[in-house]
Amino acid sequence: MTTSGEAASRPRGGAMWTAFAGTVLCALGAVATWVIGSMQADAWNTHALDVACRDLPPLPPFRLYGIVGLVLDGVTILAAAAWVALFFRERPSRIGFVVGALCVLAVVIFVNLLGTASMFVPTDDPSATSQGTDGSGLPCGSG
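Residues numbered from 1 in each chain as written. Predicted model: local features only at pLDDT ≥ 70, side-chain atom pairs only at ≥ 80, totals over all residues. Heavy atoms only, no water.

1. Considerations on the overall build of the protein
Scanning the protein from N- to C-terminus turns up four helices and zero strands. Ordered by position in the sequence, the α and β elements of the protein form the string α-α-α-α. For the protein, the proportion of its 143 residues judged to be buried stands at 27%. Considering only residue pairs separated by 6 or more positions, the protein has 74% of its internal contacts joining residues 24 or more positions apart. Surface summary for the protein: the accessible area is close to 8,900 Å², and the carbon and sulfur share equals 68%. (Helix = DSSP H or I, 4+ residues; strand = E, 2+ residues; numbered from the N terminus. Buried < 20%, exposed > 50% of the residue type's maximum accessible area, 1.4 Å probe, protein only. Contact = heavy atoms within 4.5 Å. Areas by Shrake-Rupley, 256 points an atom, 1.4 Å probe, with all protein chains shown as cover.)

Printed below as a string of structure tokens:
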């Protein structure tokens, strides 16, 4: 039986699940910035080919997507660390330790994958239309 002081010193399960939800939402947001940037690059390249690389609109704001994605990666890492810490504090039993260790391993793998994926989110892409969406030039050849 726990006393009221012991129960008050332990975090409530809601905080743990809030940290977990924050981790998932930030990770989805980071992935979404990459997906949106890729979709806009594809749309820009398709439009450039359709108009034979004449009268092109400005490039999509890839740098903005990259910065937002990297910030969300950082927040994801912090939220995941909070979630794991709350998990260990909420479940200090032996089985909780095993499950918690597996959670730590999963979070480490997840963060590594997220970090790898964030390398593909452009942070310093070309700003001149003549450089195209990836810096190698226009998709029409000589343009």
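Back to the write-up after that little detour.
2. A short note on the packing of aromatic side chains
Two measures describe an aromatic ring pair: the distance that separates the ring centres and the angle between the ring planes. Within the structure shown, the criterion is met by two aromatic pairs. Geometrically, the ring pair formed by Trp17 and Phe20 is edge-to-face, given 5.7 Å between the ring centres and 85° between the ring planes. In this pair, Trp17 and Phe20 are both assigned in helix 2 (residues 13-50), three residues apart and thus about one turn of the helix distant. When the centroid spacing of 5.0 Å and the interplanar angle of 50° are considered together, the rings of Phe20 and Trp83 count as tilted. Linking Phe20 in helix 2 with Trp83 in helix 3 (residues 62-90), this pair joins segments that are 63 residues apart in sequence. Under the relative-accessibility criterion, Phe20 is labelled partly exposed at 32%. In textbook terms, an aromatic cluster arises when at least three aromatic residues are bridged by ring pairs, as seen for Trp17, Phe20 and Trp83. (Phe/Tyr/Trp six-rings, centres within 6.5 Å; stacked < 30°, edge-to-face > 60°.)

3. Re a nonpolar patch on the surface
A cluster of nonpolar side chains, contributed by Ile95, Val98, Val99, Leu102, Leu105, Ile109 and Leu113, occupies part of the molecular surface with about 670 Å² of accessible area. Residue placement: Val99 occurs in helix 4 (residues 94-118). (Patch = residues over 30% accessible without salt bridge, like charges linked within 9 Å, V, L, I, M, F, W, Y side chains within 5 Å. Salt bridge = Lys/Arg side-chain N within 4 Å of Asp/Glu carboxyl O.)

4. Focus: the environment of Ala48
The residue Ala48 is located in helix 2 in this model. The class of Ala48 is buried, set by a relative accessible area of 0%. Put simply, Ala48 and Pro139 are 91 residues apart on the chain and 7.1 Å apart in space, counted from C-alpha to C-alpha. Once residues within four sequence positions are removed from consideration, Ala48 is found in contact with Cys53, Leu56, Pro139 and Cys140.

5. Points about the confidence of the model for the protein
Here the protein averages 76 in pLDDT, while 76% of its residues score no lower than 70. Mean pLDDT values for the elements of the protein range from 53 in helix 1 (residues 4-9) up to 86 in helix 2. (pLDDT = per-residue confidence, 0-100.)

6. Some words on the nonpolar core
Formed by Met16, Ala19, Ala80, Trp83, Val84, Phe87, Cys103 and Val107, the largest nonpolar core amounts to eight residues. Elements with a contribution of two residues or more to this core: helix 2, helix 3 and helix 4. Here the element with the most residues in this core is helix 3; it accounts for four residues. Residues contacting Val84, with those up to four places away along its chain left out, are Cys103, Val104 and Val107. In this structure, Trp44, Ala48, Cys53 and Leu59 belong to the second largest nonpolar core, which totals six residues. (Core = buried A, V, L, I, M, F, W, Y, C linked by side-chain atoms within 4.5 Å.)

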